[in-house]
Amino acid sequence: MKKLSVRARVLTGSAALVAVGGGAFGAVAAAAPSDASAAGAKPPAAVSEVKNKDTFNTEHLTVDAATRAAQAALDAAKQANQRVTVAVVDRNGNTVVTLRGDGAGPQSYESAELKAYTAVSWNAPTSVLAGRLQQAPNLKDIPGTLFLAGGAPVQAKGAPIAGIGVAGAPSGDLDEQFAQAGVAALNK
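Bear in mind that the values here come from a model prediction, so they are computed numbers and not experimental data.

J.: What is the right way to read the overall build of the protein chain from this model?
T.: A count of helices and strands for the protein chain gives six helices and four strands. Each helix and strand of the protein chain, placed in order from N terminus to C terminus, yields the pattern α-α-α-β-β-α-α-β-β-α. Buried residues in the protein chain amount to 32% of all 188 residues. Considering only intrachain contacts with a sequence separation of at least 6, the fraction spanning at least 24 residues in the protein chain is 63%. Only carbon and sulfur atoms are counted for the fraction: they give 57% of the accessible area of the protein chain, which is about 12100 Å².

As structure tokens, then:
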């Protein structure tokens with residue numbers, strides 16, 4: 001058998017690679033649905049359905065409602081000539097909306113979110129929770145929480161669905177008053 005030159009082996013290998021690659025591409029392209037078939041095709045069936053007894057539904061604020069609550073809290077602060085930041089978080093502690101008022105301090109942004117998260121997590125105003133530190137001072141060590149007045153829970157059917165946190169006023173009592181104005185705006 002005659003030995004092929006390096007050039008002949010490279011050309012032969014390249015041709016084989018192109019043939020294999022082209023064949024694989026053709027097989028994938030043939031298996032992919034065309035635009036015409038995809039337009040009328042039904043979506044694939046779910047692999048398995050979860051039984052209703054294994055699930056539950058929760059209430060959530062819409063973005064519009066969260067924005068309305070945050071704006072009401074910010075407006076209440078503005079009327080009192082206070083510069084604050086307002087945060088609204090969902091039941092899971094995810095920030096839905098944050099409004100930083102004109103002139104609010106840089107620390108107020110994170111503090112408002114932490115107060116909102118604390119209020120929804122414990123389903124209580126943060127001023128009440130701050131009082132609990134007397135009996136259990138290690139509560140303040142829970143990550144992501146801030147036990148200072150200024151957070152208020154939002155409830156639906158007695159369960160927490162959101163939290164409103166306000167930070168930046170000279171006292172937590174004022175912050176919480178503004179947060180409660182946000183909760184009140186949701187009840188209108």
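On we go.
J.: What exactly am I supposed to notice about unusual backbone geometry here?
T.: Excluding glycine, most residues fall at negative phi; most peptide bonds, likewise, are trans. The backbone phi angle of Asn81 is positive, close to 60°, even though this residue is not glycine. Tracing the chain through its elements places Asn81 in the loop between α3 (63–79) and β1 (85–90).

J.: Even after reading the chapter, I still don't get the packing of α3 against helix α6 (residues 172–186), so can you show me in this structure?
T.: A pair of packed helices is characterised by two quantities: the angle between their axes and the separation of those axes. For the pair α3 and α6, the least separation of the axes is 7 Å and the interaxial angle reads 140°. The angle between α3 and α6 places the two elements in the oblique class. With respect to the hand of their crossing, α3 and α6 are arranged in right-handed fashion. Of α6, the residues touching α3 (which contributes Ala65, Arg68, Ala69, Ala72, Ala73, Ala76 and Ala77) are Phe178, Ala181, Gly182, Ala185 and Leu186. In the contact of α3 with α6, the residues fall into 10 nonpolar, one polar and one charged.

J.: When you look at the pattern of salt bridges in this model, what are you seeing that I'm missing?
T.: Pairing of side chains with opposite charge becomes possible as their charged atoms draw close. Summed over all chains, the structure comprises three salt bridges. Asp141 is paired through a salt bridge with Lys140; the nearest N and O atoms lie 3.8 Å apart. An identical accessibility class is assigned to Asp141 and Lys140; each is exposed.

J.: Before we go on, may I ask you to explain the nonpolar core in this structure?
T.: Core analysis: the biggest nonpolar cluster contains 25 residues, and Val84, Val86, Val154, Ile164, Val166 and Phe178 have the highest contact counts within it. For this core, the elements supplying multiple residues, two or more each, are α3, β1, β2 (95–100), β3 (151–156), β4 (159–167) and α6. Beyond its immediate stretch of four places on either side in the chain, Phe178 contacts Ala73, Ala76, Ala77, Ala80, Gln82, Val84, Val166 and Ala169. Among the nonpolar cores identified, the runner-up in size contains five residues, and Leu129, Leu133, Leu139 and Phe147 belong to it.

Cut-off values and rules
- Residues numbered from 1 in each chain as written.
- Predicted model: local features only at pLDDT ≥ 70, side-chain atom pairs only at ≥ 80, totals over all residues.
- Heavy atoms only, no water.
- Helix = DSSP H or I, 4+ residues; strand = E, 2+ residues; numbered from the N terminus.
- Buried < 20%, exposed > 50% of the residue type's maximum accessible area, 1.4 Å probe, protein only.
- Contact = heavy atoms within 4.5 Å.
- Areas by Shrake-Rupley, 256 points an atom, 1.4 Å probe, with all protein chains shown as cover.
- Axes fitted to C-alpha atoms, helices over the stretch in contact; angles between N-to-C directions.
- Parallel < 35°, antiparallel > 145°, perpendicular 65-115°, else oblique.
- Left-handed = near helix turned anticlockwise from the far one by under 90°.
- Nonpolar A, V, L, I, M, F, W, Y, C, P; charged D, E, K, R; others polar.
- Salt bridge = Lys/Arg side-chain N within 4 Å of Asp/Glu carboxyl O.
- Core = buried A, V, L, I, M, F, W, Y, C linked by side-chain atoms within 4.5 Å.

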